[in-house]
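So you can see what is in the structure, the chains are spelled out below.
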Amino acid sequence: MPSPELQRINAFLSAFACRRAAHVVELPGGFAVSGDAFAHSHADNQVVVDAAVDPEALPEIAEDALGHLPYQVISVLDDETGAACAEPLIRAGYTPSTCLVMLHTGPVPNGIRPAERVDLDAIRTPLTQRWRGFLPDADDEVIRQLVDRREARRRGADAVHFIGARTEEGEVASWADLYMDRATGTAQIEDLITSEARLRRGHADAVLSTALRLAAEENCGTRFLIADAADWPQHWYERRGFVAIGRTHFFERVS
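Throughout what follows, the structure given in this document is the object of discussion.

The rules behind the values
- Residues numbered from 1 in each chain as written.
- Predicted model: local features only at pLDDT ≥ 70, side-chain atom pairs only at ≥ 80, totals over all residues.
- Heavy atoms only, no water.
- Helix = DSSP H or I, 4+ residues; strand = E, 2+ residues; numbered from the N terminus.
- Rg over C-alpha atoms; globule rule 2.2 N^0.38 Å.
- Buried < 20%, exposed > 50% of the residue type's maximum accessible area, 1.4 Å probe, protein only.
- Areas by Shrake-Rupley, 256 points an atom, 1.4 Å probe, with all protein chains shown as cover.
- Polar contact = N/O pair within 3.5 Å; in protein donor to acceptor, adjacent residues only side chain to side chain.
- Contact = heavy atoms within 4.5 Å.

**A few points about the overall build of the chain**
Looking only at helices and strands, one finds 7 helices and 11 strands in the chain. A compact globule built from 255 residues would reach a C-alpha radius of gyration of about 18 Å, and the chain, at 18 Å, matches this within 12%. Counting only C-alpha atoms, the chain reaches 55 × 45 × 30 Å along its principal axes. Out of the 255 residues belonging to the chain, those deemed buried represent 51%. For the chain, the computed accessible surface area is about 12200 Å², with 51% contributed by carbon and sulfur atoms.

See the structure below:
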């Protein structure tokens, strides 16, 4: 049985996905979200499994919901369910990956906030540059959607902020999203990114510290983020008071 914190986090993730989506369709074991405005965004066009599901039936469920797209993405929030679904989905042509759900258990950073709330326009240029580095072969429309989709995230929770740390010249060097549900005391920090030219100068620490302080000031005792289980940032987060309390499974297939 997942811990109370993990249950709260998974409920938050499901609610956030539904609230930000243009369209939601209920499915056995979960739901599908979709929207033409951000057709290139996998997060905005996917199947989310947040309840018991027949693993053998899941490939057909996803095909019925997302077969019109050139890709199909399935997120399984429960670790045990995700592990059970892996074999049928791999047979159906899906590539699996795993992320860690990391809960902040360390002390909330003290002192003057070194970062601030910013609007999307303040991060649009550095975010576009970073996406071009991540996806050098993507066309302009793909990059535009991956940047602009951030605005749709404002619908996902009752409080959504973009947090940015600036250089002395005023340029936003590092940024992240902060989503908060005050009713359940839950906060997610998402997409912490630093401009390539500004790496290793403390800007990401400034953003993370500010996001944690803002969440604590809103009485969000459950503060979490999602980190790739196969990549180095998880260890960076561990050194800043985060511990892994669960695993989320992702499956992707290109048609």
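**Side note on the side chain of Gln 72**
Relative to the helices and strands, Gln 72 resides in strand E4 (residues 71-76). In this structure the side chain of Gln 72 is engaged in a polar contact, spanning 3.2 Å, whose partner is the side chain of Ser 255. Not counting the four nearest positions on each side in its chain, Gln 72 is found in contact with Ala 62, Glu 63, Leu 66, Gly 67, Tyr 94, Phe 251, Glu 252, Arg 253 and Ser 255.

**Topic: the environment of Gly 67**
With respect to the helices and strands, the residue Gly 67 is situated in the loop between helix H2 (58-66) and E4. Classification of Gly 67 by relative accessible area gives partly exposed; the value is 31%. The spatial distance from the C-alpha of Gly 67 to the C-alpha of Ser 255 is 8.4 Å, given a sequence separation of 188 residues. Discounting chain neighbours no more than four positions away, the residues touching Gly 67 are Ala 62 and Gln 72.

Function cannot be inferred from these measures alone, as they are strictly geometric.
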